[in-house]
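Now for the letters of each chain:
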Amino acid sequence: MALPPAPSDSLQGLALACAHCRRCGLADGRQQVVVARGNPEARLMLIGEAPGAQEDAEGLPFVGRSGRLLDQLLAAAGLDTAADVYICNGVKCRPPNNRKPTAGEMAACRPWLEQQIAAVDPPLIVLLGASALEGVLGIRGGITRRRGQWLSSPAEWLRGRRLMPVLHPSYLLRFQAQTEGSPRALTATDLWEVRRALTALEASQHGGSSPGP
Ligand code: URA
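Residues numbered from 1 in each chain as written. Predicted model: local features only at pLDDT ≥ 70, side-chain atom pairs only at ≥ 80, totals over all residues. Heavy atoms only, no water.

(A) Quick look at the packing of helix α3 (residues 65-76) against helix α8 (residues 183-207). One can describe the packing of α3 onto α8 by two numbers: an axis separation of 9 Å at closest approach and a directional angle of 55°. Taken as axis vectors, α3 and α8 run oblique relative to one another. For the pair α3 and α8, the sense of crossing is right-handed. Side by side, α3 and α8 meet where Leu 69, Leu 73, Leu 74 and Ala 76 of the first sit next to Arg 184, Thr 187, Leu 191 and Trp 192 of the second. (Axes fitted to C-alpha atoms, helices over the stretch in contact; angles between N-to-C directions. Helix = DSSP H or I, 4+ residues; strand = E, 2+ residues; numbered from the N terminus. Parallel < 35°, antiparallel > 145°, perpendicular 65-115°, else oblique. Left-handed = near helix turned anticlockwise from the far one by under 90°. Contact = heavy atoms within 4.5 Å.)

(B) Examining the sheet that holds strand β5 (residues 162-166) more closely. Across the sheet, 5 strands lie side by side as β1-β3-β2-β4-β5; this open sheet has mixed pairing. The open sheet is flanked by β1 (37-38) and β5, the only strands paired with a single partner. Alignment of strand β4 (residues 124-128) against β5, held across 5 bridges, turns out to be parallel. Across the sheet, Val 126 pairs through a bridge with Met 164, a residue of β5. (Pairing = 2+ DSSP bridges.)

(C) Focus on the side chain of Asp 190. Here Asp 190 is to be found in helix α8. Non-local contacts of Asp 190, meaning those with residues more than four positions away in its chain, are made with Arg 147, Gly 148, Met 164 and Val 166.

(D) Molecular detail of the pairing of β4. Within β4, 5 of the 5 residues are buried, which leaves the element mostly enclosed by the surrounding structure. Burial along β4 is two-sided: Leu 124, Val 126 and Leu 128 facing one way and Ile 125 and Leu 127 facing the other are all buried. As defined by bridge partners, strand β2 (residues 44-48) adjoins β4 across 4 bridges and the pair is classed as parallel. Bridging across to β4, Ile 47 finds its partner in Leu 127. (Buried < 20%, exposed > 50% of the residue type's maximum accessible area, 1.4 Å probe, protein only.)

(E) Region of the structure containing the pattern of salt bridges. Applying the stated criterion across every chain, the model contains 10 salt bridges. Lys 100 is the salt-bridge partner of Glu 134, the closest N and O atoms lying 3.6 Å from each other. Of this pair, Glu 134 sits in helix α5 (residues 130-137) while Lys 100 sits in the loop between β3 (85-89) and α4 (103-120), placing them 34 residues apart in sequence. Residue classification places Glu 134 among the buried positions, given a relative accessible area of 16%. Here Lys 100 falls in the partly exposed class, since its relative accessible area comes to 44%. Ionic pairing is found between Arg 147 and Asp 190, a salt bridge with its closest N-O pair at 2.8 Å. Here Arg 147, found in the loop between α6 (143-146) and β5, pairs with Asp 190, found in helix α8; they are 43 residues apart in sequence, far enough to count as distant. Through salt bridges with shared partners, one network takes in Lys 100, Glu 134 and Arg 140. (Salt bridge = Lys/Arg side-chain N within 4 Å of Asp/Glu carboxyl O.)

Here it is, written out as structure tokens:
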């Protein structure tokens, strides 16, 4: 009897299928579809908005300025970008002039994200910015109020997963301050909580103690 496909097999199939996607008009302007980077076996998935110019050119998410800041913030929280996280976007093609993706584009791309989540099966998901919050949980607005909180969803594809919205790295680039209460400091605190939850989850899976609330 054939074994069920390993995550990397189904993700390879997904990447091939995405490369031919014409589900929305963004296909006309892209250089390439940007699927993911990081570890497909990670227990933590990060979901951003959509690729920018550099991501479109390189075919990898978060490799431009905001990506470099994201990597710094993850490292400061003790998270290894190659081992601990799988990074993707809600929308996989670059919107023209880096505009925000429309609700229609987010909806058109959703089946790919659902397949990605099913293949990686992450218990923990970080939603990077307001578009990811809207595209994944259908919550419009309120990112500054909701950031740093664990949320859940009754939707089948998200059932049993904990999701935390955080401020988008490109928003953080507008502020240099790292003083208490600044956007960067708040995001650092949020990512420490994410790291704590990931560590607790891994400890519970390896040793049997219960994960934190
Ligand atoms: N911003 C995003 O949301 N995603 C990227 O891949 C790059 C910038």
